[in-house]
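Chains, contacts and geometry: an overview
Okay, here's what each chain looks like letter by letter:
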Amino acid sequence: SDRVQLQKLAHFAELDGESVSFSGTVGEVRVMERSVRIRLETDHGGVHAYFDEHPGLDVGDEVGLSGNLRTLKGPRNPGEFDFRSYYHRRDVWGNVYKPRLSSFEPPSKLSLNTFVSSVRGTISGLFREKIGGDAGALMSALIVGLREEIPEEIRQDFADTGVIHVLAVSGLHVGYVLLIIMAVVKIARLPYRWQKWAVIACLVLYAILTGGKPSVWRATLMASLYLLAKIVQRDANLWNIIATAGVTLLLIDPRYLFDLGFQLSFAAVISIVFFYRYFEQSLPERL
């Protein structure tokens, strides 16, 4: 709620610039270009801690750390991206610099985040072992969203050619996975309805595995709703499917409305559906 958000904002504002101590659960470990970022989930909200070297932590670890806290700053120029609002919507309220670990305990119980992190690491390890090199790193990025494993020069090549978005798991990747899963279930010769349920289950697992970005959930929900229509033998209306997917996501988290990935993903698919009929009428039939 807004009241809770204001309380968190006031709490971290009082600690701005101070040397503080936090204890909580590791929610994310991300290897960046010049540092390793840990998202620590505390009772008062999340913080990012930046380490010069990998501290050997995994998702789900219970840790205590101390360091210098800096609250997130808003944009200082017109049109500049608002990182403060972006991270506040993700319940991250400050950055801890020069962190020092004071305590560490492995996960006391298996959680969804711990399980997902373990599976992603296992799949990435298989890519490194079976494929190896830059190709294995690219597969990790395209399949499970671990972009940090791609060498910086390759990422820069993608950026220079204007296709860096290909490395971000999105609805496009869900489409690829959907085709692969449908081929597998056909080979397995499952009954018709079991094929559809198996595809839906695999898509949901894939969305969770890749971190559950709005664009991924949008594609997953749309594909699942289309398959559900087939299961109950009803005609699938694309506009109804788009609307149902959007409303469902907003009911789960209304803050998605302000997420750029949510906005662009729905804008793209709405544009495709809207303009397709005009292209179909204008182009020769053989095209």
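What you see is a predicted model; the values in this text were computed from it and never measured. (Residues numbered from 1 in each chain as written. Predicted model: local features only at pLDDT ≥ 70, side-chain atom pairs only at ≥ 80, totals over all residues. Heavy atoms only, no water.)

Here's the deal with the packing of helix α8 (residues 214-231) against helix α10 (residues 260-282)
Remark: α8 packs on α10, axes separated minimally by 8 Å, with the N-to-C direction vectors making an angle of 40 degrees. Taken together, α8 and α10 sit at an angle that is classed as oblique. Between α8, through Pro-214, Ser-215, Arg-218 and Met-222, and α10, the contact on the second element is made entirely by Gly-261, Phe-262, Ser-265, Phe-266 and Val-269. Looking at side-chain class alone, the contact of α8 with α10 contains 5 nonpolar, 3 polar and 1 charged residues. (Axes fitted to C-alpha atoms, helices over the stretch in contact; angles between N-to-C directions. Helix = DSSP H or I, 4+ residues; strand = E, 2+ residues; numbered from the N terminus. Parallel < 35°, antiparallel > 145°, perpendicular 65-115°, else oblique. Contact = heavy atoms within 4.5 Å. Nonpolar A, V, L, I, M, F, W, Y, C, P; charged D, E, K, R; others polar.)

Some remarks on empty space enclosed by the protein
Any empty space left between the atoms is revealed when a probe the size of a water molecule rolls over them. Counted by the stated rule, this structure contains 1 cavity of 30 Å³ or more. Taken as a whole, the largest cavity holds about 30 Å³ of empty space. The wall of the largest cavity is formed by Met-182, Val-185, Lys-186, Gln-195, Lys-196, Val-199 and Leu-227. Secondary structure elements with two or more residues in the lining of the largest cavity: α6 (171-187) and α7 (192-209). For the lining of the largest cavity, the per-class residue count stands at 4 nonpolar, 1 polar and 2 charged. (1 Å grid on protein atoms, 1.4 Å probe; cavity = no way out; pocket = protein on both sides within 12 Å on 5 of 7 lines; lining within 4 Å. Points joined across faces, edges and corners; volume = space filled by probe spheres on them.)

Some points on unusual backbone geometry
Unusually for a residue other than glycine, Asp-91 sits at a positive phi of about 60 degrees. Within the fold, Asp-91 resides in the loop between α2 (83-88) and β5 (92-105). For Asp-91, a relative accessible area of 26% gives the class partly exposed. (Buried < 20%, exposed > 50% of the residue type's maximum accessible area, 1.4 Å probe, protein only.)

Some words on the pattern of salt bridges
Two side chains with opposite charge may pair up if their charged atoms get near one another. Counted according to the given criterion, the structure contains 7 salt bridges. Residue Asp-253 is joined to Arg-255 by a salt bridge in which the shortest nitrogen-to-oxygen separation is 3.1 Å. Connected via shared salt-bridge partners are Glu-28, Arg-37, Arg-39 and Glu-41. (Salt bridge = Lys/Arg side-chain N within 4 Å of Asp/Glu carboxyl O.)

Some details on a nonpolar patch on the surface
Residues Trp-239, Ile-270, Phe-274, Phe-275, Tyr-278, Phe-279 and Leu-283 make up a contiguous nonpolar surface patch of about 680 Å² in total accessible area. Counting residues per element, the nonpolar patch draws most heavily on α10, which supplies 5 residues. Structurally, Ile-270 can be placed in helix α10. (Patch = residues over 30% accessible without salt bridge, like charges linked within 9 Å, V, L, I, M, F, W, Y side chains within 5 Å. Areas by Shrake-Rupley, 256 points an atom, 1.4 Å probe, with all protein chains shown as cover.)

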